[in-house]
Amino acid sequence: MYVIRHALLNLGKNKGRNILLGVIIFAVITAAFVTLAIFNTTGIVIQETRYTLGRMVRVAPRQIVYGEASVSFEQFLSFAESEYVHEADIRESRTSINGIEAIYYLKQPEMLTNFEAELRSRGLPDTYSVVSEELSFENVTGNLENLHNLSLTFLVIVLILGAFIMVLLSAISIRERKYEVGVLRAMGMKKKKVALGLWIEIITITCICFALGMGAGTMLSQPISDVIMTGQADSINVNISVNAITVMGILGISILLASITGFISVSWINKCEPIKILTERN
Amino acid sequence: MNALTLQNISYEYEGTNRVIFKDVSLRFGAGKVTTIVGKSGAGKSTLLSLLSGLDVATSGRISFGGKNLSEINRNRYRAQKVGIIFQSLNLLTNATAIDNIILSMNISGITGIDKKTRAFELLARVGISREKAHRKILKLSGGEQQRISIARALAHDPMLIIADEPTGSLDKDTEANVLEIFKSLAHDDGKCVIIVTHSENVTAIADEVWGLEDGVLCLLPVQTDTGGGRDVCNPPRAFESWKE
């Protein structure tokens with residue numbers, strides 16, 4: 001219990017160092033939050049778009065072949081009765097070759113092959129194509145894919161850079177506290193309790209930064225996403241949302257950062273002998 | 001009754017061939033003030049490090065209450081059995097005086113007492129007021145820090161009190177007060193008090209004075225009544241000859 005109290009008191013006593021550490025953890029968490037929120041949301045939008053387009057099947061003649069039987073409006077309507085079809089949109093169209101635009105929304109994108117087989121068995125000529133709109137997916141979500149990939153790359157960079165800075169800062173911080181560790185050990189405090197105290201300090205800082213980073217990240221994600229998407233052709237309006245996956249991801253990143261610093265502290269404390277620390281200082 | 005026993009202790013600095021002690025054997029009695037004198041670099045502080053379990057001898061055996069220090073938990077030994085007053089004080093400088101003392105009690109695992117009250121009592125005993133008890137160590141004078149270091153060493157009521165130049169920064173009155181405390185701890189409470197010093201005032205309260213030179217300890221003849229059968233310095237030397 002006293003280890004926790006001592007650690008919490010230490011937070012206030014070493015303001016300068018802890019604020020610096022906090023600012024870096026906060027920056028890493030906020031950046032990670034923004035990128036993770038964008039990554040997850042764009043991922044969901046891409047998936048949903050792919051699903052929607054994959055379900056959307058267009059049945060149309062590849063070309064008009066004179067002498068070949070054409071499919072009538074009624075036949076197109078009857079195709080909508082297939083067990084694979086969720087709903088259909090059959091209408092006359094001046095822009096299509098045969099004057100009919102037939103779009104079927106399948107229950108699942110994977111049903112395309114079965115649906116086509118059924119249509120062929122029911123007399124759909126080979127000159128008609130049964131094509132899912134997934135093929136146009138690239139055109140629709142191209143920019144979104146770029147944003148998705150960019151956010152992933154940025155997340156990886158943030159994590160690597162963040163971890164590197166944290167390791168460096170922990171190493172410097174622990175060396176600054178060498179004397180304190182030496183005194184505590186000389187007084188008989190066990191290594192694991194000294195390490196626990198340092199770990200509680202970093203965990204507390206990380207928790208505060210986690211809360212602040214979540215708030216800042218929530219505020220910044222949408223504007224940053226809008227700025228990135230602005231001016232891009234065929235852009236999809238992406239509403240960045242914070243879901244459980246993002247929160248869990250940030251929590252994981254926070255724990256990772258705290259663990260890195262904790263590991264540095266513990267491994268250093270395990271190596272140091274109080275007499276050496278105090279003799280060196282004196 | 002012996003509190004601490006050294007048997008054939010040898011010590012040399014790691015990575016060097018510099019021998020500090022060679023086959024030193026010594027017994028520190030409970031209820032006595034023992035002082036160790038010697039010139040700078042003679043190894044007095046190293047000896048205290050060995051006695052306080054902060055360092056380990058190259059060979060030989062140090063026993064506390066019959067148990068070999070190398071076989072017991074030295075963290076617990078330092079936390080519960082020994083009160084160390086370092087020459088360089090080694091206080092937590094960003095903490096207050098009272099926090100330093102309470103932390104020492106916490107580390108020792110003391111329960112069943114009001115730690116704050118005991119800390120104030122100890123500080124009052126060494127002449128530190130309640131107002132100063134709440135000041136950070138760096139805001140106190142060298143003499144006050146030294147007294148806090150003494151109070152901290154007594155916080156967990158240890159059996160052994162090991163002090164390295166404990167009165168170096170104190171004025172005469174405070175030194176006299178602190179020496180009275182050491183005497184009382186040994187003679188009234190039966191503690192084993194071991195002090196490394198250059199001060200004649202400190203050796204004046206000692207029951208035994210040992211001189212350390214060239215890795216050898218010998219008993220100064222100032223206490224003829226306690227030196228029988230021990231390694232009395234030969235030829236006998238005055239205290240002054242052990243100073244710088």
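Values in this document were obtained by computation on a predicted structure and should not be read as measured data. Each chain carries its own residue numbering, running from 1 in the direction its sequence is written. Key to labels: chains lettered from A, ligands numbered from 1, both in the order written. In keeping with the model being predicted, local features are shown solely for residues with a pLDDT of at least 70 and side-chain atom pairs are shown and tallied solely at 80 or more, while totals for entire chains, interfaces and linings include all residues. For side-chain calculations, the full set of non-hydrogen atoms in the structure is used, while hydrogens and water are omitted.

Chemist: Describe the packing of aromatic side chains, and please don't skip the residues or the numbers.
Modeler: All names here are of chain B. Here a Phe, Tyr or Trp ring, Trp counted by its six-membered ring, pairs with any other such ring whose centre lies within 6.5 Å, and the pair is stacked when the planes are under 30 degrees apart, edge-to-face when over 60, and tilted otherwise. Taken as a whole and judged by the stated rule, the model has six aromatic pairs over all chains. Each ring, one from Y11 and one from F21, has its centre 6.5 Å from the other, and the planes form 55°; the classification is tilted. With Y11 in strand β1 (residues 2-12) and F21 in strand β2 (residues 19-29), this residue pair connects regions lying ten residues apart in the sequence. In terms of burial, Y11 and F21 fall into one category: buried. Relative to Y77, the ring of F64 lies with its centre 5.3 Å away and its plane at 70°, an arrangement referred to as edge-to-face. With F64 in strand β4 (residues 59-64) and Y77 in helix α2 (residues 74-81), the pair connects residues that are 13 residues apart, well separated along the chain. Working definition: helices are DSSP H or I runs of at least four residues, strands are E runs of at least two. Numbering for both runs from the N terminus. Exposure classes here rest on a 1.4 Å probe applied to the protein chains alone. A residue is buried below 20% of its type maximum, exposed above 50%, and partly exposed in between.

Chemist: An account of the pairing of strand β3 (residues 100-106) of chain A is needed here, citing residue identities and associated values.
Modeler: Residue and element names in this part refer to chain A. Counting buried residues in β3 gives five out of seven residues, a clear majority hidden from the surface. Here four bridges tie strand β1 (residues 56-61) to β3, and the two strands are oriented antiparallel to one another. Paired with R58 across the bridge in β3 is I103. Taken together, the seven bridges between strand β2 (residues 85-92) and β3 define a ladder with antiparallel strand orientation. Bridged to A88 within β3 is Y104. Pairing between strands is defined by DSSP: at least two bridges between the two strands are required.

Chemist: How would you sum up the packing of helix α2 (residues 15-55) of chain A against helix α8 (residues 244-271) of chain A? Please name residues and give values.
Modeler: The description of two helices packed together rests on the angle between their axes and the distance between the axes. All names here are of chain A. Working convention: axes come from line fits to C-alpha atoms, limited for helices to the stretch in contact. Angles between N-to-C directions cover 0 to 180 degrees. Remark: α2 packs on α8, axes separated minimally by 9 Å, with the N-to-C direction vectors making an angle of 150°. Considered as vectors, α2 and α8 are oriented roughly antiparallel to each other. Here α2 and α8 pass one another in a crossing that is right-handed. Of α8, the residues touching α2 (which contributes I25, V28, I29, A32, F33, L36, A37 and N40) are I245, T246, G249, I250, I253, S254 and L257. Throughout this entry, Asp, Glu, Lys and Arg are counted as charged residues, while Ala, Val, Leu, Ile, Met, Phe, Trp, Tyr, Cys and Pro are counted as nonpolar. The remaining residues, Gly among them, count as polar. Residues of the contact of α2 with α8, tallied by class, amount to eleven nonpolar, four polar and no charged. Angle categories are assigned with fixed cut-offs, so that under 35 degrees is roughly parallel, over 145 is roughly antiparallel, 65 to 115 is roughly perpendicular, and the rest are oblique. Handedness of a crossing follows from how the near helix is turned relative to the far one, being left-handed for an anticlockwise turn of less than a right angle and right-handed for a clockwise one. Here, residues are in contact when the closest pair of their heavy atoms is within 4.5 Å.

Chemist: So what's going on with the interface of chain A and chain B? Residues and values would help.
Modeler: Size of an interface: often given as the accessible area lost when the parts come together. Contact with chain A, which involves 20 residues of that partner, is made by 24 residues of chain B. Here the quantity called buried area is the accessible surface, traced with a 1.4 Å probe, that two parts lose on coming together, added over both. Across the interface of chain A and chain B, roughly 2,000 Å² is buried in total on both sides, 57% from carbon and sulfur atoms. Any Lys or Arg side-chain nitrogen found within 4 Å of a carboxyl oxygen on Asp or Glu counts as a salt bridge. Applying the counting criterion to the chain A and chain B interface returns one salt bridge. Here K13 of chain A and D99 of chain B are joined by a salt bridge, their closest N and O atoms 3.9 Å apart. Within the residue set of the side of chain A that touches chain B, elements represented by two or more residues are α1 (2-13), α6 (178-186) and α9 (274-281) of chain A. Considering only residue class, the side of chain A that touches chain B consists of ten nonpolar, five polar and five charged.

Chemist: An account of the pattern of salt bridges is needed here, citing residue identities and associated values.
Modeler: Residue and element names in this part refer to chain A. Per the stated rule, a full pass over the model turns up 13 salt bridges over all chains. Among the salt bridges present, the one from R58 reaches E133, with a minimum N-O distance of 3.0 Å. One end of the pair, R58, is in strand β1; the other, E133, is in the loop between β4 (128-132) and α5 (137-176), with 75 residues separating them in the sequence. With a relative accessible area of 28%, R58 lands in the partly exposed category. Among the ionic pairs, D89 bridges to R91, the shortest N-O distance being 2.7 Å. Given a relative accessible area of 22%, D89 falls into the partly exposed group. Its relative accessible area of 41% is what places R91 among the partly exposed residues. Three or more residues are tied together by salt bridges with common partners; here these are R58, E101 and E133.

Chemist: Before we move on, can you summarise the confidence of the model for chain B with the specific residues and values?
Modeler: Residues and elements named next belong to chain B. Per-residue confidence for chain B averages 87 on the pLDDT scale, and 89% of its residues sit at or above 70. In this model, residues 224-229 is a region of pLDDT below 50 whose contacts with residues beyond four sequence positions or in other chains number five contacts. Taken over the whole predicted complex, pTM reads 0.75, whereas the ipTM for its chain interfaces reads 0.87. Residue-level confidence of the predictor, termed pLDDT, takes values from 0 up to 100.

Chemist: Before we move on, can you summarise a nonpolar patch on the surface with the specific residues and values?
Modeler: On the surface, a nonpolar cluster with roughly 570 Å² of combined accessible area is contributed by I157, L161, F164, I165, L168 and I172 of chain A. Note that I157 of chain A resides in helix α5. Patches here: salt-bridge-free residues with over 30% relative accessible area, like charges joined within 9 Å, nonpolar side chains (Val, Leu, Ile, Met, Phe, Trp, Tyr) joined within 5 Å. Accessible surface is estimated by sampling points in the Shrake-Rupley manner with a 1.4 Å probe; for residues, cover comes only from the protein chains shown.

Chemist: Residue-level account of the sheet that holds β3 of chain A, with values.
Modeler: All names here are of chain A. In space, the four strands of this open sheet follow the order β2-β3-β1-β4, with antiparallel pairing throughout. Both outer strands of the open sheet, β2 and β4, are each paired with one neighbouring strand and no more. Across the sheet, the axes of successive neighbouring strands diverge by a mean angle of 20°, strand direction being ignored. Together, β1, β2, β3 and β4 form the strand contacts of α2, whose direction differs from that of β1 by roughly 35°.

Chemist: Quick one: what's the story with unusual backbone geometry, residue by residue and with numbers?
Modeler: All names here are of chain B. Located in the positive-phi region is N8, a residue other than glycine, with phi close to 50°. For N8, the position within the fold is in strand β1. Although it is not a glycine, D214 sits at a positive phi angle of roughly 50°. Note that D214 resides in the loop between β9 (208-213) and β10 (216-219).

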